Amino acid sequence: MAQTFSPRSILLCVVFLFSTNVLAISAVLGIDLGTEYIKATLVKPGIPLEIVLTKDSRRKETSAVAFKPSQNAPKSGSYPERAYGSDAIALAARFPGDVYPNLKTLLGLTTDDAIVKEYAARHPDLQLESHKTRGTVAFKSKATANEEPWLVEELLAMELQSIQRNAEALAGSDSSVRSVVITVPPFYTIEEKRAVELAAELVGLKVLSLISDGLAVGLNYATSRTFPNINEGGKPEYHMVFDMGAGSAKATILRFQGRTVKDIGKFNKTVQEVQVVGSGWDRTLGGDALNYLIVDDMISKFVESPAAKKASVTADKVRGHGRAMAKLVKDAERLRHILSANVDTGSSFEGLYDESDFKYKITRADFEKLAEAHAERVGAAVQKALDVAELDIKQLDSIILHGGSSRTPFVQKQLEKFAGADKLRSNVNSDEAAVFGAAFRAAEISPSFRVKEIRISDGAFYPAGMRWNNPQDKPQQQRLWTERSLLGAAPKEVTFTNYEDFPVRFYQQVPSTDGTIVEKETKAFMTKNLTASVASLVEKGCTHPDIHFKVKLRLSTENGEVEVDKASVECEAEVQEKEGSVMDGVKNLFGFGKNKDQQPLKDGEEGTEDASTTASTETAATSFDSSTASTTTVSSSTSAESAESSPVPKKKQLVVIPVDYVLEKAGIPSLPKADLTKAKERIKAFEASDKSRRMREEALNQLEGFTYKVRDLLDTESFVAASTPEERAKLEKKASEASEWLYDDGADAPRDALKSKLKGLKDLVSPVERRIEEAQKRPELIKSLRSSLGQTTTFIDTIKQKIAEADAYMSSLSASFTSTSEASSVTSAPSREAGDFDGLEDDETTTATTTTAVEDRAPTPPVYTLDDLKEITDLSKSVIDWLEEKLAEQEKLPETADPVLLAKDLIEKTKKLEKAGMDLAMKSVKAFDKTKKKSSSSKKSSKTKAKKSTTKTGSDGAEPTIEAKDGENYIKLGEDGKGLTMEEMEEIIKRMAKEQQNKDEPKKKHDEL
């Protein structure tokens, strides 16, 4: 029989799956993808906005990846060692053809682009190729000669994967990082944004959104500020973010304002808004361009040096030498950084080219003279942003500086000259504001976090439009968005006059390096059933001039891509009104019919109406169902008569038919599905190779370290004392063999062989180390066990003594009561004839006083019985016998023998004793609590009975009740997480006895009265 599931079970399964997905994206990552450096910030419950450190504990990672060629020829299916960040740059001088820096500048560009050609000229040893289907940049590596060229997206994906590993290490072993928000420059086209998304997809990262650099900085700026509310008459603030990094300079003008919006229910709330209103940039003005000014100056001075002239060195030869260029570029950046704080600096190179040495000096004045042309370009980017935003420099509240190159002195001088020194601000972290803004955006999008509500609007940055052919097959073109348009704004509705299926091509207008505007296609739109939909409307009476095909378009908030919200064809057609619907019947039933049914009666109809009304009333009084049927019949007949008398009227109604369509990416061809899968598998195989290599290196280091440890152990007194000469000789021989093997065949040995060697050494060392450890721990553990035994014995003896005292006391008390009762019976005989004051004699008072004195000498009532002590007594005896036996055996053994009295056994016996004592103590506490509850319930039922019961307690032989004081910690059980000790148990019993004695004091005073 097939198993069935209830709807509730199915719903629970769906909720569980959904909650699993939410947990999977609970950790999100913000990535600032810079030209020279990559920075990342993790957001996780318990870890708010934490910078992801590199393996060297740095807050930023150099944007570079390198393949370290193996000493032997590469094998098919094997991959070389990879290095990232500063480790990769350090290899540039040795392996300039396998180090790939600053890949961000190449994303989404074809090999014939001027920027790509300049990159190839700066890195002459890199084998740059064009991808066979896409035409974009790919690199052929010498270290992976058997592999196909690596796409620039694949290399960037490796860098993102390294960042992801570091983030997961920070998040913890139980967390995975899969969702990211990545910053991109405002000048990135759709193709370049797609390249970033492709790189993330190759390593399994989901891009929640892309965000422009300037907006990310502005978002971080807004997280700790509140801006004027425009609903209350406040004026928006305008700030410019000037971001100059290694690759480019960007100026983004942002509008900051508050707004009151509708909240849940009838409440309102104030949110902060950050909008991009204009942006300008220079794609090639950055730190790299300034570095190459110094590099060119170095080369020109080097070729003029006597050593270079003697070797006939030319500038072209130096620029074509990969190792020489790597050295110069690395040192040029260092010199530029020094010149930001110093007036001069220098450097020296040994064997720079053809064994020629070179010394170089430069001053800040010389550097600024070299950069005069670049300084003028700073103002051009700022002016472009102001022109797009239609603002004047005086309308800006401040200029926020961001990016490492913005700290260059001549850059700040140019900004001060353009806007004035009072507008420059350094009120954000110029290195990390963008990455914090990206992480905040990731937390805002993720359902796992709740953050301050800041509504952002990124810019389109490029004009965009569409092209199509009209019904006369004439090309048509229309601009839809300008460079000021906002992503995610209200959709634009476009009306077409085409009546047959046709394509539409969307494009971006991008300026080229020579200043001309290039229309780069981004999306292709194609209708599927437009022809059939128009034909359907014609059948309904529409004419072609009245038929309109409308499409709603918008720019995606996540990446700026064109999206279609709705596509439909419509016209106004005459449609007959529907008669006799269910709703009309209900309306007629309750007298809310159409207007014609509500007209006044004609002459001669009044009597009929009255009769009908009387009949309906009488019918309703007898049967409601009959009345309903009668009314329906009359209504139906009336409708039939009206239908025969006049035709059904028609009315004009808007008829809308949805149109099916296909929206595909255009421009640079997408990576075919087979190639995409192959790229993912290749990166996974590379990662698996790296992981295997890391584990092998770890095993190698462990084995090498253990051989050194063995040498030290053989000279340690404790190790020598606990081992035999034969064991030491065998260990020394094996360690020597392993050490020699490591420097011979073991250097390239697999991980399993290394682990096997390590295990062989540990098998010899471990028994001796256990003997040493046991010998060190044993005395203290024996002392602890003996102490527990002593306490247990004392406790048992004390309880037995109290039980014996209590038994003796009860026997004497019984005899005393017997003699007292006999005396009372003899004395009370003549009391019948006594006077009114005979009962006040001292006989009873004396008896009561005597009884009270006996009670004062009463011992504490026993809490336990002899049966309760049997288990702990037997356990204590067995532990004592076992300890004596094992001690005797251990004393007979030499230090080099394996011990028989083990630490784990001593700990186990001690715990057993403590547990038995704890169980016994808890038994008394439970009995005490039970008695207390009975006493409390009796007090609630009757105050008088409770007082009498308290007065008689002790004199009638009942067990005393003890109440814990509310204001005191009367009994504290295991406050430190451990069991009760013997002293604590004795203290509990003493306190119980003392409490009983305090309760007996009022009785004694009452008796004495």
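Residues numbered from 1 in each chain as written. Predicted model: local features only at pLDDT ≥ 70, side-chain atom pairs only at ≥ 80, totals over all residues. Heavy atoms only, no water.

**A look at the overall build of the protein**
Here is step 1: Counting its secondary structure elements, the protein contains 27 helices and 29 strands.
Here is step 2: A burial count over the protein gives 41% of its 1009 residues as buried.
Here is step 3: Considering only contacts in the protein between residues 6 or more positions apart, those separated by 24 or more positions represent 72%.
Here is step 4: Total accessible area on the protein is roughly 55,900 Å²; 51% of this is exposed by carbon and sulfur atoms. (Helix = DSSP H or I, 4+ residues; strand = E, 2+ residues; numbered from the N terminus. Buried < 20%, exposed > 50% of the residue type's maximum accessible area, 1.4 Å probe, protein only. Contact = heavy atoms within 4.5 Å. Areas by Shrake-Rupley, 256 points an atom, 1.4 Å probe, with all protein chains shown as cover.)

**Remarks on the sheet that holds strand 5 (residues 64-68)**
Here is step 1: Across the sheet, which stays open at both edges, the 3 strands sit in the order 6-5-7 with antiparallel pairing between neighbours. Edge positions in the sheet fall to strand 6 (81-84) and strand 7 (99-101), since each of these pairs with one other strand and no more. Across the sheet, the mean angle from the axis of one strand to that of its neighbour is 15°, orientation sign disregarded.
Here is step 2: The sheet contact formed by strand 5 and strand 7 spans 3 bridges and is antiparallel. If you follow alanine 66 over to strand 7, its bridge partner there is valine 99.
Here is step 3: Helix 19 (residues 673-714) contacts strand 5 and strand 6 of the sheet and is inclined by roughly 95° relative to strand 6. (Pairing = 2+ DSSP bridges. Axes fitted to C-alpha atoms, helices over the stretch in contact; angles between N-to-C directions.)

**Observations regarding the pattern of salt bridges**
Here is step 1: Counting across every chain of the model gives 50 salt bridges.
Here is step 2: For aspartate 690, the salt bridge identified is with arginine 82, shortest N-O distance 2.6 Å. Taken together, the residues span a long stretch of sequence, with aspartate 690 in helix 19 and arginine 82 in strand 6 at a distance of 608 residues.
Here is step 3: Residue arginine 82 is classed as buried on the basis of its relative accessible area of 7%.
Here is step 4: Between aspartate 331 and arginine 334 there is a salt bridge, and its shortest N-O distance comes to 3.1 Å. Placement of the pair is aspartate 331 and arginine 334 together in helix 10 (residues 322-339), with a separation of 3 residues, close to one helical turn.
Here is step 5: Residue aspartate 331 is classed as buried on the basis of its relative accessible area of 15%.
Here is step 6: Judged by relative accessible area, arginine 334 falls into the partly exposed class, the value being 36%.
Here is step 7: A cluster of three or more residues bridged by salt bridges with shared partners is formed by Arg82, Arg165, Glu687, Asp690, Arg693 and Arg694. (Salt bridge = Lys/Arg side-chain N within 4 Å of Asp/Glu carboxyl O.)

**A word on the packing of aromatic side chains**
Here is step 1: Across all of its chains, the model carries 22 aromatic pairs by this definition.
Here is step 2: Here phenylalanine 502 and phenylalanine 549 contribute two aromatic rings whose centre-to-centre distance is 5.9 Å and whose plane-to-plane angle is 85°, an arrangement assigned as edge-to-face. Here phenylalanine 502 is found in the loop between strand 23 (492-496) and strand 24 (503-511), whereas its partner phenylalanine 549 is found in strand 26 (residues 548-555), with 47 residues between them in sequence. With respect to burial, phenylalanine 502 and phenylalanine 549 carry one shared label: buried. (Phe/Tyr/Trp six-rings, centres within 6.5 Å; stacked < 30°, edge-to-face > 60°.)

**Examining the side chain of serine 405**
Here is step 1: Along the chain, serine 405 falls in the loop between strand 18 (398-402) and helix 13 (409-419).
Here is step 2: A residue is classified by how much of its surface remains accessible, and serine 405, at 2% relative accessible area, is buried.

**Side note on the state of the cysteines**
Here is step 1: Applying the stated criterion across every chain, the model contains 1 disulfide.
Here is step 2: The partner cysteine of cysteine 542 in its disulfide is cysteine 571, sulfur to sulfur 1.7 Å. With cysteine 542 in the loop between helix 15 (530-539) and strand 26 and cysteine 571 in strand 27 (residues 562-576), this pair connects stretches of sequence that are 29 residues apart.
Here is step 3: Relative accessible area serves as the criterion here: at 5%, cysteine 542 is assigned to the buried category. (Disulfide = S-S within 2.5 Å.)

**What about the confidence of the model for the protein?**
Regions with low pLDDT should not have their predicted coordinates read in detail.
Here is step 1: Model confidence for the protein is summarised by a mean pLDDT of 82, while 77% of its residues fall at 70 or above.
Here is step 2: Counting contacts from residues 10-25, a segment whose pLDDT is below 50, to residues more than four positions away or on other chains yields 7 contacts.
Here is step 3: Confidence drops under pLDDT 50 across residues 1003-1009; counting only partners more than four residues distant or on other chains, this segment forms 7 contacts. (pLDDT = per-residue confidence, 0-100.)

**Comments concerning unusual backbone geometry**
Here is step 1: A positive phi is found at aspartate 354, a non-glycine position, where the angle reads about 55°.
Here is step 2: With respect to the helices and strands, the residue aspartate 354 is situated in the loop between strand 16 (344-353) and strand 17 (356-363).
Here is step 3: Unusually for a residue other than glycine, phenylalanine 461 sits at a positive phi of about 70°.

**Topic: the sheet that holds strand 19 (residues 424-425)**
Here is step 1: The 6 strands are arranged 19-18-13-14-15-20 in an open sheet whose pairing can be described as mixed. Strands at the two margins of the open sheet, each flanked by one partner only, are strand 19 and strand 20 (454-457).
Here is step 2: The pairing of strand 15 (residues 268-282) with strand 20 spans 4 bridges and is classified as parallel. Paired with glutamine 272 across the bridge in strand 20 is isoleucine 454.
Here is step 3: Where helix 6 (residues 213-222) meets the sheet, it contacts strand 13 (237-244), strand 14 (249-262), strand 15, strand 18 and strand 20, and its direction lies at approximately 45° from that of strand 14.

**With respect to a negative patch on the surface**
Here is step 1: A grouping of Glu737, Glu740, Asp744, Asp745 and Asp748 is seen on the molecular surface, where their side chains present a negatively charged patch.
Here is step 2: Relative to the helices and strands, glutamate 737 resides in helix 21 (residues 725-742).
Here is step 3: Glutamate 737 sits in the partly exposed class, given a relative accessible area of 42%. (Patch = residues over 30% accessible without salt bridge, like charges linked within 9 Å, V, L, I, M, F, W, Y side chains within 5 Å. Lys, Arg positive; Asp, Glu negative; His and termini not counted. Charge placed at Lys NZ, Arg CZ, Asp CG, Glu CD.)

**Details of helix 7 (residues 287-303)**
Here is step 1: When the terminal C-alpha atoms of helix 7 are compared, their 25 Å separation across 17 residues agrees well with the 24 Å that a helix rising 1.5 Å per residue should span.
Here is step 2: By the criterion of burial, helix 7 is predominantly enclosed, with 14 of the 17 residues buried. (Expected span 1.5 Å × (residues − 1).)

**Digging into the side chain of glutamate 273**
Here is step 1: Tracing the backbone shows glutamate 273 in strand 15.
Here is step 2: Polar side-chain contacts of glutamate 273 include one of 2.7 Å to the side chain of glutamine 257.
Here is step 3: A distance of 2.8 Å separates a polar atom in the side chain of glutamate 273 from a polar atom in the side chain of arginine 259.
Here is step 4: Once residues lying within four places of it in the same chain are set aside, the contact partners of glutamate 273 are Arg255, Phe256, Gln257, Arg259 and Arg455. (Polar contact = N/O pair within 3.5 Å; in protein donor to acceptor, adjacent residues only side chain to side chain.)

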